[in-house]
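Geometric and topological summary
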Amino acid sequence: MNMKKLLAIFGAVMLIFVGLLSGCITEGEGMLVLKITDAPSDLNISEALVTISSVEVHQAVGGDNNTSASWYTIVEEAQTFDLISLINVTDVLGSEELSAGVYTQIRLHVDQALVTIDGVQHNLSIPSAEVKLVSGFQILENETTTLILDFDIHESIHETGSGTYILRPTITVSQE
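Residues numbered from 1 in each chain as written. Predicted model: local features only at pLDDT ≥ 70, side-chain atom pairs only at ≥ 80, totals over all residues. Heavy atoms only, no water.

1. A few points about the environment of glycine 136
Mapping glycine 136 onto the fold places it in strand 8 (residues 130-139). By relative accessible area, which is 17% here, glycine 136 ends up buried. As for glycine 136 and alanine 60, which are separated by 76 residues in sequence, their C-alpha atoms are 9.1 Å apart. (Helix = DSSP H or I, 4+ residues; strand = E, 2+ residues; numbered from the N terminus. Buried < 20%, exposed > 50% of the residue type's maximum accessible area, 1.4 Å probe, protein only.)

Structure below.
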């Protein structure tokens, strides 16, 4: 079984587990910290600039006091990251006090992406300016939850037949 299938199965199991816990934790607040990093690779990319204008998280439906799902904004201002400079390093993307509970998705709004390959900078076409990360996590009352978004830029960039480049983000979410 390949890694993508294993990750998909793991994600589905986590969502089921998170759904079961959603009725258990609905009071108080906790802190969510989002960090961003990039995994190393062999490609000759010297710079990969990605501008993220906003980040939102989705709280799961569940429990007697929580009858509707909600989106919460974590980041509201555009930030540009050079993902190559983040290889084996993390940078804070944003943080926010959130209601304790179970969250099921992170949504990144990417405004622009540029890549420098063999010394030449190229615009990256982004098929959807919105990147959806379906990854369950839990905010516990009076605790800090730190998630790392590992942006694998080398797996995310694809050259088209016409010599242009496209960005299809490959991002894994892990808890610190």
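Read on for the rest.
2. Digging into the pattern of salt bridges
Where side chains of opposite charge bring their charged atoms close, a pairing between them can arise. If you walk through the whole model with that rule in mind, you get four salt bridges. For the salt bridge of lysine 35 with glutamate 176, the shortest nitrogen-to-oxygen distance reads 3.2 Å. With lysine 35 in strand 1 (residues 29-37) and glutamate 176 in the segment after strand 12 (171-175), this residue pair connects regions lying 141 residues apart in the sequence. The exposure class assigned to glutamate 176 is exposed, which follows from its relative accessible area of 56%. Salt-bridge contacts for lysine 132 lead to glutamate 130; the nearest nitrogen and oxygen are separated by 3.6 Å. Residue lysine 132 is classed as exposed on the basis of its relative accessible area, which comes to 53%. One salt-bridge network, in which partners are shared between bridges, spans Glu56, Arg107, Glu130 and Lys132. (Salt bridge = Lys/Arg side-chain N within 4 Å of Asp/Glu carboxyl O.)

3. Describing a negative patch on the surface
Negative charge collects at one region of the surface, where Glu29, Glu76, Glu77, Glu96 and Glu97 lie side by side. Counting through the fold element by element, glutamate 29 comes out in strand 1. (Patch = residues over 30% accessible without salt bridge, like charges linked within 9 Å, V, L, I, M, F, W, Y side chains within 5 Å. Areas by Shrake-Rupley, 256 points an atom, 1.4 Å probe, with all protein chains shown as cover. Lys, Arg positive; Asp, Glu negative; His and termini not counted. Charge placed at Lys NZ, Arg CZ, Asp CG, Glu CD.)

4. Points about the confidence of the model for the chain
When pLDDT is low, close inspection of the predicted coordinates is not appropriate. Per-residue pLDDT for the chain has a mean of 81; in total, 78% of the residues score no lower than 70. Helix 1 (residues 3-21) is the least confidently modelled element of the chain, averaging 40 in pLDDT, while strand 4 (residues 79-82) averages 95, the highest of any element. (pLDDT = per-residue confidence, 0-100.)

5. Overview of the nonpolar core
Residues Leu32, Val55, Leu83, Leu93, Ile106 and Leu108 are the most contacted members of the largest nonpolar core, which totals 38 residues. When contributions to this core are tallied by element, the ones reaching two or more residues are strand 1, strand 2 (45-59), strand 3 (70-75), strand 5 (91-99), strand 6 (101-117), strand 8, strand 9 (144-151) and strand 11 (165-167). In terms of residue count, the dominant contributor to this core is strand 6 (seven residues). The contact partners of leucine 93, leaving out residues within four places of it in the chain, are Leu34, Lys35, Ile52, Val55, Val75, Gln79, Phe81, Leu108 and Leu149. (Core = buried A, V, L, I, M, F, W, Y, C linked by side-chain atoms within 4.5 Å. Contact = heavy atoms within 4.5 Å.)

6. A short note on the packing of aromatic side chains
The relation between two aromatic rings is expressed through the spacing of the ring centres and the mutual angle of the planes. Applying the stated criterion across every chain yields a total of two aromatic pairs. With centroids separated by 6.3 Å and ring planes inclined at 65°, the aromatic side chains of tyrosine 72 and tyrosine 103 adopt a geometry described as edge-to-face. Residue tyrosine 72 is located in strand 3, and its partner tyrosine 103 is located in strand 6; the two are separated by 31 residues in the primary sequence. With centroids separated by 5.4 Å and ring planes inclined at 10°, the aromatic side chains of tyrosine 103 and phenylalanine 137 adopt a geometry described as stacked. A residue pair is termed long-range when its members are at least 10 positions apart, and tyrosine 103 in strand 6 and phenylalanine 137 in strand 8 qualify at 34 residues. In this pair, the class of tyrosine 103 matches that of phenylalanine 137, namely buried. Here the aromatic cluster, defined as three or more aromatic residues joined through ring pairs, consists of Tyr72, Tyr103 and Phe137. (Phe/Tyr/Trp six-rings, centres within 6.5 Å; stacked < 30°, edge-to-face > 60°.)

7. Description of unusual backbone geometry
Not every positive phi belongs to a glycine, and asparagine 88 is a case in point at roughly 60°. With respect to the element layout, asparagine 88 can be found in the loop between strand 4 and strand 5. For asparagine 88, a relative accessible area of 66% puts it in the exposed group. Positive phi outside glycine occurs at asparagine 142, with the angle close to 60°. Note on placement: asparagine 142 falls in the loop between strand 8 and strand 9. Judged by relative accessible area, asparagine 142 falls into the exposed class, the value being 68%.

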